[in-house]
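Okay, here's what each chain looks like letter by letter:
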Amino acid sequence: MKKIITFVNEFLIQKIMTKEEAKKFFMDRKNLSLIMSDEEIKKAHEFCEGYKDFMSKAKTEREINVYAIEKAEKAGFKRFNFGDKVKKGDKIYFDNRGKAVILAVIGENIEDGVNLTAAHIDSPRLDLKENPLYEQEELGFFKTHYYGGIKKYQWTAIPLSLHGVIIKKDGKKVIVNIGEDENDPVFLVTDLLPHLAQNQMKRPANEIIRGEELNILIGSYCVKGEDISSRVKTNIMQILNAKYGIVEGDFLNSELEAVPALKPKDIGFDRSMIGAYGHDDKVCAYPELMAILEIKDPKKTAIAILTDKEETGSDGNTGLNSSYLKYFIEDLAATLGANPRKVFSNSKCLSADVNSAYDPTFPDVFEKANSSFLNYGVVVTKFTGSRGKYGTSDANAEFTAEIHHLFDKEGVIWQNGELGKVDLGGGGTVALYMANLNIDTIDVGVPVLSMHAPYETVSKLDTYMAYKAFYAFQK
Ligand code: MN
Ligand code: MN
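Residues numbered from 1 in each chain as written. Chains lettered and ligands numbered in written order. Predicted model: local features only at pLDDT ≥ 70, side-chain atom pairs only at ≥ 80, totals over all residues. Heavy atoms only, no water.

1. Brief notes about empty space enclosed by the protein
By rolling a water-sized probe across the atoms, one finds the places where empty space is left.
Okay, step 1: Throughout the structure, instances matching the rule amount to one cavity of 30 Å³ or more.
Okay, step 2: Each pocket or cavity is described by its volume, and for the largest cavity that value is around 50 Å³.
Okay, step 3: Every residue lining the largest cavity is counted, 13 residues in all, and those nearest its centre are Thr384, Thr392, Ser393, Ala431 and Asp443.
Okay, step 4: Secondary structure elements with two or more residues in the lining of the largest cavity: α10 (431-435) and β19 (440-445). (1 Å grid on protein atoms, 1.4 Å probe; cavity = no way out; pocket = protein on both sides within 12 Å on 5 of 7 lines; lining within 4 Å. Points joined across faces, edges and corners; volume = space filled by probe spheres on them. Helix = DSSP H or I, 4+ residues; strand = E, 2+ residues; numbered from the N terminus.)

Below you can see the structure in the form of C-alpha cells.
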C-alpha cells in the first residue's frame, strides 16, 4: 500500500524567506517573445509563411485532403488500402472519401501502442441547401444552411467564395472553386442598411440575421427571349451549364460550401499574428501534417489524423465518431500480426484542436488562472465539455503529467487553458471519441481570438509551438 501523507498533530512552521525562495513554489509563465531566441522567432515566422500559403490554397476539408495527400506522396507516403501488407519504416496514408485522411509512419512493435495526433479540417461555413437556386424580384440567390456554430450576423456583407463538388448525371465529378483567384467574382449575403434597421436591431443577436436570411446573392441579369419565367435564375443556370455542364437537378448531387473569400494576412505592426478564415482547426492540422511528414524511424508507430465533421459533432462516416480510424488501426494490427486491443489500450493521442484565447475586451467570460493567452505557447487542455464536464474525456493525471513532462524536456512551451468560465458554455473536440477507443487522450492546440468568426486570429509563435509539440510527441 502506498503511504498517504497526513497532517495530523503537526506544527505549521512559519519561515521567513526571500523573494527568490518564494518564487520556486509557483509556475513561471512568460510571453514567448521574451523567452524565444531571435533565431527561433525567425524560424517560427518562416514556418508561418508555409502555413499562410496553405491557408490561401486549401480552405475546405476536400481541398485539405488533396493538399495533404500531395505533400505526403512527395514525402514518400504510399496509398494504403485495407488488407495491404506493411512493415517497419513504411509511410502510408488512408484516404477516407476525399474528406478525411490518416497518415502513418510504421514503427517497431505496434502492440506497444501508437502515438496519434488528431486535428479536424472542416470549419464553420455556409453550406448550400439541396435545392438552393431561386430568384426573387429579379435577383438570383442560393439558399444556405449554416454548418457549425456561427454568429450568423458576422456572415453578411463579406465576400464569399464557393467550394465543393457536383456529381453529374454521367457520373463525372465537377470540382468547384470560385472566388479565390484575384480575377474571380465573389458572392455575398446582403444585410439591411442601418437607416432602415431599427426593428432588425431590436431582434436578439442570434436573430439579427436568421438562418433563412442567409441567402447568397449570385446574379442579377435577365436572360432575353419570350415567355421565359425566372429570367435571372435561367440566366444563372445558362452560365453554370456552359461552365460546368450541369442542370438544376444536379445540385441534389453536390456539396457546395460558401466560405469567406479572404486571404490570410499578418496582423499587427509587429506582424506577430495571422488573420485568416478557418484557423479552427487548420492551425493544428497544418503543424500536425508538417510534423508527421518529417517523422523518420519512430520507435512507436506515428499516426496523424485529419478528420472531417468535428464542427457538427463528429458524426457521419468522415467524422471521428464513426469507425474509420478503428478499422484502420485494426487492419494495421492484423497485417502486423498484432492484437488490436493491445494496440488501442497502449496508444496515446494528442487531440489537436484550438482553444479560446483570453480576450481582454471580454474579460467576463474567462477565468484568468485557467485561460490560455496569445503568445504563451501551445495549450494543453485536460478536459473540455460543459454543464459539469459533460461531453469530455477528461485526461487522467498520470497522462497529463506524461505530456507536460515530455514538453518540458523537449523545449515545447505550453500553457493550461479551459474554454471559458464554468456554466458559461463550453465546447467539445474529438478527444472523447479517441478516448472512447481506450486511448489515453488529451487536447493540445493553439489559442485563437474570435474563434468561429469569418476571420480568426492566432499568434505565429503559438502556431510554431504546436508544430514542435506534435513533432516531439511522435518522433
Ligand atoms: Mn476545433
Ligand atoms: Mn470549432
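From this point, the discussion proceeds with the structure in view.
2. Some details on the coordination of the manganese ion (ligand 2)
Okay, step 1: Here the manganese ion (ligand 2) is held by the protein donor atoms Asp280 (OD), Glu311 (OE), Glu311 (OE) and His452 (NE2), which lie 2.0 to 2.6 Å from it.
Okay, step 2: Separating the manganese ion (ligand 2) from the manganese ion (ligand 1) is a gap of 3.3 Å, which Asp280 spans by donating to each of them. Placement of the pair is Asp280 in helix α6 (residues 279-294) and His452 in the loop between β20 (447-448) and β21 (456-459), with a sequence separation of 172 residues. This pair shows no difference in class: Asp280 is buried, exactly as His452 is. (Donors = N, O, S within 2.8 Å, 3.2 Å for Na, K, Ca; no water. Buried < 20%, exposed > 50% of the residue type's maximum accessible area, 1.4 Å probe, protein only.)

3. Considerations on the packing of helix α3 (residues 38-57) against helix α11 (residues 460-474)
Okay, step 1: Relative orientation of the contacting elements α3 and α11 amounts to 85°, with a least axis distance of 9 Å. Between α3 and α11, the interaxial angle falls into the category roughly perpendicular. Facing α3, whose interface residues are Glu40, Ile41, Lys43, Ala44, His45, Phe47, Cys48, Glu49 and Tyr51, α11 presents Lys460, Leu461, Thr463, Tyr464, Tyr467 and Lys468.
Okay, step 2: Residue composition of the contact of α3 with α11, grouped by class: eight nonpolar, two polar and five charged. (Axes fitted to C-alpha atoms, helices over the stretch in contact; angles between N-to-C directions. Parallel < 35°, antiparallel > 145°, perpendicular 65-115°, else oblique. Contact = heavy atoms within 4.5 Å. Nonpolar A, V, L, I, M, F, W, Y, C, P; charged D, E, K, R; others polar.)

4. Re the environment of Pro340
Okay, step 1: With respect to the helices, strands and loops of the structure, Pro340 is situated in helix α8 (residues 340-345).
Okay, step 2: By relative accessible area, which is 27% here, Pro340 ends up partly exposed.
Okay, step 3: When the C-alpha atoms of Pro340 and Ile329 are compared, they prove to be 7.2 Å apart, with eleven residues separating the residues in sequence.
Okay, step 4: Not counting chain neighbours up to four residues away, the residues in contact with Pro340 comprise Glu330 and Ala333.

5. Here we look at the sheet that holds strand β12 (residues 265-267)
Okay, step 1: Pairing in this open sheet of three strands is antiparallel, and the strands run β12-β13-β21 from one edge to the other. Only two strands of the sheet have a single neighbouring strand rather than two, namely β12 and β21. Going from strand to strand, the sheet's axes swing by 35° on average, the running direction of each strand aside.
Okay, step 2: Along the sheet, α6 contacts β13 (273-276) and β21; its crossing angle with β21, the most-contacted strand, is approximately 30°.
Okay, step 3: Strands β12, β13 and β21 of the sheet are contacted by α11, whose axis makes an angle of about 70° with β21. (Pairing = 2+ DSSP bridges.)

6. Looking at the sheet that holds strand β18 (residues 414-416)
Okay, step 1: Read across the sheet, nine strands follow the order β1-β2-β3-β14-β4-β15-β19-β17-β18 without closing on themselves; strand pairing throughout is mixed. The sheet terminates laterally at β1 (78-79) and β18, the two strands that pair on one side only.
Okay, step 2: Pairing of strand β4 (residues 115-120) with strand β15 (residues 348-351), which is carried by four bridges, proceeds in the parallel orientation. From the neighbouring strand, Leu116 faces β15, where its bridge partner is Cys349.
Okay, step 3: The sheet strands contacting helix α7 (residues 324-335) are β2 (91-96), β3 (100-105), β4 and β14 (302-307), and the helix crosses β14 at an angle near 155°.
Okay, step 4: α11 rests against β4, β14, β15, β17 (378-381) and β19 of the sheet, and its axis sits at about 150° to β4.

7. A short note on a nonpolar patch on the surface
Okay, step 1: There is a patch of nonpolar side chains on the surface, built from Met17, Phe25 and Phe26 and spanning about 360 Å² of accessible area.
Okay, step 2: Of note, Met17 is situated in the segment before α1 (19-23). (Patch = residues over 30% accessible without salt bridge, like charges linked within 9 Å, V, L, I, M, F, W, Y side chains within 5 Å. Areas by Shrake-Rupley, 256 points an atom, 1.4 Å probe, with all protein chains shown as cover. Salt bridge = Lys/Arg side-chain N within 4 Å of Asp/Glu carboxyl O.)

8. So, the pattern of salt bridges
Okay, step 1: The tally for this structure, following the rule as stated, stands at 32 salt bridges.
Okay, step 2: We note a salt bridge from Glu212 to Lys143, for which the minimum N-O separation is 2.9 Å. Taken together, the residues span a long stretch of sequence, with Glu212 in the loop between β9 (188-189) and β10 (216-219) and Lys143 in strand β6 (residues 139-147) at a distance of 69 residues.
Okay, step 3: Exposure remark for Glu212: the relative accessible area of 48% places this residue in the partly exposed category.
Okay, step 4: Within the structure, one salt-bridge network assembled from shared partners comprises Glu49, Lys52, Asp266, Arg271 and Lys460.

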